[in-house]
Amino acid sequence: MTPIFWVLATGCNSVSGTVDAYDTPINTAVYVELEDAYGDDEGILVLLASHGLSCEEWADFEDDYADAVWDDLTLDDAADVWRETLPEDFWDWAINIRVDRLGDKLKGDEWEGVDWQDGLTDDDEAKIVATHYTDWPEEEDILTGLVDVSDTYRSDDGTMKIQAYSEGKSIRGKFETQMVDNDGSDEGDITLRFSADRCEELEREWDL
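Parameters at a glance
- Note that residues are indexed from 1 along each chain, following the sequence as it is written.
- Owing to the predicted nature of the model, reporting of local features is limited to residues with pLDDT of at least 70; listing and counting of side-chain atom pairs is limited to 80 or more, with chain, interface and lining totals taken over all residues.
- Side-chain calculation: all heavy atoms of the structure are included, whereas hydrogens and water are not.
- Where helices and strands are cited, they refer to DSSP runs of H or I of at least four residues and of E of at least two residues respectively, numbered from the N terminus.
- Remark: exposure states derive from per-residue accessible area (1.4 Å probe, protein chains only) relative to the maximum for the residue type, with buried under 20%, exposed over 50%, and partly exposed in between.
- Here Asp and Glu are counted as negative and Lys and Arg as positive; His is not counted, and neither are the chain ends.
- Take a side-chain nitrogen of Lys or Arg and a carboxyl oxygen of Asp or Glu: if they are within 4 Å of each other, that pair is a salt bridge.
- Residue contacts follow a heavy-atom distance rule, with two residues in contact if any of their heavy atoms lie within 4.5 Å.
- Note on ring pairs: Phe, Tyr and Trp rings are taken, using the six-membered ring of Trp, and paired if centres are within 6.5 Å. Classes follow the plane angle, with under 30 degrees stacked, over 60 edge-to-face and the rest tilted.
- Note on definitions: the grid is 1 Å and covers protein atoms alone; a cavity is a set of points where a 1.4 Å probe fits but cannot get out; a pocket is an open set with protein on both sides within 12 Å along at least five of seven lines; lining residues have an atom within 4 Å of a point.
- Grid points are joined across faces, edges and corners, and a volume is the space filled by probe spheres set on the points.
- Side-chain classes are defined by residue name, with Ala, Val, Leu, Ile, Met, Phe, Trp, Tyr, Cys and Pro counting as nonpolar, Asp, Glu, Lys and Arg as charged, and the others, Gly among them, as polar.

A few points about the side chain of E187
As for its position among the elements, E187 is in strand β9 (residues 186-198). Of the buried charged residues, E187 lacks a salt bridge, with R154 as the closest side chain of opposite charge at 11 Å. Other than its neighbours up to four places away in sequence, E187 contacts T18, V19, D20, Y153, M179, V180 and D181.

A word on the packing of aromatic side chains
The full count for this structure, using the stated rule, is ten aromatic pairs. Arranged with centres 6.5 Å apart and planes meeting at 65°, the rings of Y31 and Y165 form a pair that is edge-to-face. Of this pair, Y31 sits in strand β2 (residues 28-38) while Y165 sits in strand β7 (residues 150-166), and the two are 134 residues apart along the sequence. Summarising the burial analysis for this pair, Y31 and Y165 share the class buried.

Some words on the layout of surface pockets
Considering only enclosed or pocket space, the largest pocket measures out at about 280 Å³ in volume. Contributing to the lining of the largest pocket are 17 residues, with W58, E62, W82, D92 and Y133 lying nearest its centre. Listed by contribution, the elements that provide at least two residues to the lining of the largest pocket are α2 (55-71), β4 (90-99) and β6 (125-133). Considering each element in turn, the lining of the largest pocket owes the most residues, four residues, to β4. Along the lines of polarity and charge, the residues of the lining of the largest pocket split into 13 nonpolar, two polar and two charged.

Shown next as structure tokens:
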């Protein structure tokens, strides 16, 4: 049985509008806190997906996948881990948020969406990177960074607002922006609404 808290955590997540003519459902939402991620500034990374993994399942996948790729150097095993854990077709959204300090009161604040080619250079900026995986990878796909089994899109300008934030616990907000492809071509206007609990298991797995 799916825990009630997990249904509530993912129930407020949605993408209004299409990306490259695709609807992009979301059934997973977590976030991690990034101390000193931008020099003197800190960061929040909100992760949304349609693969259906919980926080713990996502961390377990990252552990098994990293072991196969980096420790055992067995890319065929890494492909098996991917196929056994993830659906053939899914979306992965990452909202990168730069903040002055994680302990600040962030509720009600607005962040400027940066140009699609730019990184985050100030503590009032945010950016989306969305990846659409369209097939299970083979060994050669892992060697080339999965580029042949995925399409990547980025936000271009726009505005993000945090509607609620509790340090170390949860975050909620929305990001209104245009999404573009790797050439900067317009792929649709969206409003991405997010509501996520902190996933400390992923932080430990990624050594954040």
